[in-house]
Structure formats: structure tokens, C-alpha cells
Amino acid sequence: MTRTYWVAGSAVGLALLFAVGATVATAGGADSAPPSRTPGLYSADAGFARDMAVHHQQAVEMSFIVRDRTKDEPVRVLAYDIANTQANQRGMLLGWLDMWGLPKVVADEPPMSWMGSEGAGHGMDGHAMGGAVTKPGALMPGMATKEDLARLGSAEGRDAEVLYLRLMTEHHKGGVAMAQGCADACGNPAERALAQGMVEAQQSELLLMADMLKQRGAEPPAAG
């Protein structure tokens, strides 16, 4: 259990460290580098901000659901940390869109289309997305469906813990691939730094969740 708490704390701390650095870089200052030009409507910067904000919102929702469905402290701590970290990062992404004067929703933009058009090299194919797939009824790779969320909301105890860990494992796989796409293709240095922080933190949490599933005698989700 000590290792569980340490890994969870390290992953969240790393994500917040990059988030703070990204905020400082965005704010700028007398000694900061010249600001990059405002991203375009369909740029990787804007597309990532819009899509990851939606992706993060579901992670926050799932984390609050499971905290009400189990009394297991390690799972509750992990869920609380994920909810706090991703809510903060979501606020930064939406704040950048406001600062750039860009909309948070673009009606004619398919989810994650920026990953192909901006040369991120990942696209929507499940295998190219780090093993995360887009399930029927889900918006993006790794995201849960309405049915998944309903199951989580009705599960209790160990069943809720295992389902949450499996759903969040898939969610993180999709999130890592998307964040790596921005780290490779986004033009804004602060956003690239935040994206790289997401990659590092969520990869650590993937290892943690694999351990937590093993502790509960459960298998990780099958590869897509």
C-alpha cells in the first residue's frame, strides 16, 4: 500500500509540475521567450485543447463516481488525484482557447482530426492510438460509453474498483497517445510542455493501475 500511495503521488506531482511550468510559460514575462503566434482554428494546438478537455472531463466524472461506490482508500486516493489533476489541466486548456479567441466546440471538426492533418502520426486507428480503441458509442479512443458509466454507477466495492481501474486504463491509453501527438505536433511551447507532462504522469498511473488490478485478482482490459 505504501508503494501504491507513493506512485500515485509521484504521478500526480509530475503532472502538476508540468502544468505549473506551462502556466508560467504561457503568462510570459520580461525574460521569457517571444510568444508564438496564435494557433489557427484547426491547428494541432487548438484541436488538442478541445479534444483533451472533453477527454479529461470524463476522467473526472468517472473518478467522482467511483469515490462514492467504494470505501477502498487506495482507489479513492487515486480517483481524487486524477479528478483534481485533470480538472486543473482541463481549465488550462479551455483558458488557452479563450486567450486565443477560439471556440471550445467546432461543429464540422471530427474528434482528433488534428492528429492526422498536423502530422502527429497517430490518427484514429485503434492500434496507432497506443492500443486504445474507439468503442461503439464512445467519442474518442479510450473513452467510456454511457453504458460503461451506468455500470460503474451501479457497481459497489471490489466490482466498482476493478471496473474503474479497467475503464481508466483504457482512458489513459487514449490520453497518452493524444498527448504524445500534441507533444510532437503542437506549436505552442507551453502546451507541448503540458502535453509531455500528461504523457509522463499517465504512463506512471498506468503502471500503478496494473498493480492495483493484480492486487484485486483481476486482469487488465484486453488489448484492442
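Parameters and conventions
Residues numbered from 1 in each chain as written. Predicted model: local features only at pLDDT ≥ 70, side-chain atom pairs only at ≥ 80, totals over all residues. Heavy atoms only, no water. Disulfide = S-S within 2.5 Å. Buried < 20%, exposed > 50% of the residue type's maximum accessible area, 1.4 Å probe, protein only. Salt bridge = Lys/Arg side-chain N within 4 Å of Asp/Glu carboxyl O. Helix = DSSP H or I, 4+ residues; strand = E, 2+ residues; numbered from the N terminus. Core = buried A, V, L, I, M, F, W, Y, C linked by side-chain atoms within 4.5 Å. Expected span 1.5 Å × (residues − 1). Polar contact = N/O pair within 3.5 Å; in protein donor to acceptor, adjacent residues only side chain to side chain. Axes fitted to C-alpha atoms, helices over the stretch in contact; angles between N-to-C directions. Left-handed = near helix turned anticlockwise from the far one by under 90°. Contact = heavy atoms within 4.5 Å. Phe/Tyr/Trp six-rings, centres within 6.5 Å; stacked < 30°, edge-to-face > 60°.

### A word on the state of the cysteines
(1) Moving on: Enumeration according to the criterion identifies one disulfide in this entry.
(2) Moving on: Residue pairing for Cys182: its cysteine sulfur links by disulfide to Cys186, the two sulfurs lying 2.2 Å apart. An S-S torsion of about -120 degrees defines the bridge between Cys182 and Cys186 as left-handed. Summarising the burial analysis for this pair, Cys182 and Cys186 share the class buried.

### Some thoughts on the pattern of salt bridges
(1) Moving on: Throughout the structure, instances matching the rule amount to eight salt bridges.
(2) Moving on: The partner of Arg216 in a salt bridge is Glu161, with the nearest N and O atoms 2.9 Å apart. Pair noted here: Arg216 is in the segment after α7 (189-215) and Glu161 is in helix α6 (residues 157-185), with a separation of 55 residues, a long-range link. Of the two residues examined, Arg216 and Glu161, each falls in the buried class.
(3) Moving on: Each of Asp72, Glu161 and Arg216 takes part in a single network of salt bridges with overlapping partners.

### Describing the nonpolar core
(1) Moving on: Ranked by internal contacts, the top residues of the largest apolar core, which has 54 residues, are Phe48, Met62, Leu78, Leu93, Trp114, Tyr164 and Met178.
(2) Moving on: Elements with a contribution of two residues or more to this core: α2 (44-67), α3 (73-100), α4 (114-117), α5 (146-154), α6 and α7.
(3) Moving on: When residues in this core are grouped by element, the largest group, twelve residues, is from α6.

### Comments concerning α7
(1) Moving on: Between the first and last C-alpha of α7 there are 39 Å, a value that for 27 residues agrees with the 39 Å anticipated at 1.5 Å per step.
(2) Moving on: Where α7 starts, the residue carrying a side-chain oxygen 3.0 Å from the main-chain nitrogen of Ala190 turns out to be Asn188.

### Points about the packing of α2 against α7
The geometry of a pair of packed helices is captured by two quantities: the angle between their axes and the separation between those axes.
(1) Moving on: Close contact between α2 and α7 brings their axes to 11 Å; oriented N to C, the two are set at 35 degrees. Of the two possible hands of crossing, α2 and α7 adopt the one that is left-handed. Taking contact as the criterion, the partners of Asp45, Phe48, Ala49, Met52 and His56 in α2 are, on α7, Glu191, Ala195, Met198 and Gln202.

### A word on the side chain of Ser63
(1) Moving on: Residue position: Ser63 is located in helix α2.
(2) Moving on: According to the relative accessible area criterion, Ser63 is buried, its value standing at 0%.
(3) Moving on: In terms of polar contacts, Ser63 uses its side chain to reach the side chain of Tyr164, at 2.8 Å.
(4) Moving on: In contact with Ser63, other than residues within four places in its own chain, are Ala79, Ile82, Ala83, Tyr164 and Met168.

### Considering the packing of aromatic side chains
(1) Moving on: Throughout the structure, instances matching the rule amount to two aromatic pairs.
(2) Moving on: Where Phe48 meets Trp114, the ring centres are 5.8 Å apart and the plane angle is 80 degrees; that geometry is what we call edge-to-face. Of this pair, Phe48 sits in helix α2 while Trp114 sits in helix α4, and the two are 66 residues apart along the sequence.
(3) Moving on: Given the relative accessible area of 0%, Trp114 is considered buried.

### Overview of the environment of Ala138
(1) Moving on: Mapped onto the fold, Ala138 is located in the loop between α4 and α5.
(2) Moving on: Using a relative accessible area of 15% as the deciding quantity, one classes Ala138 as buried.
(3) Moving on: When the C-alpha positions of Ala138 and Asp148 are compared, they lie 9.8 Å apart, and in sequence the two are ten residues distant.
(4) Moving on: In this view, Ala138 contacts Met143, Ala144 and Thr145; residues no more than four positions away in its chain are not counted.

These results come straight from atomic positions and should not be treated as a statement about function.
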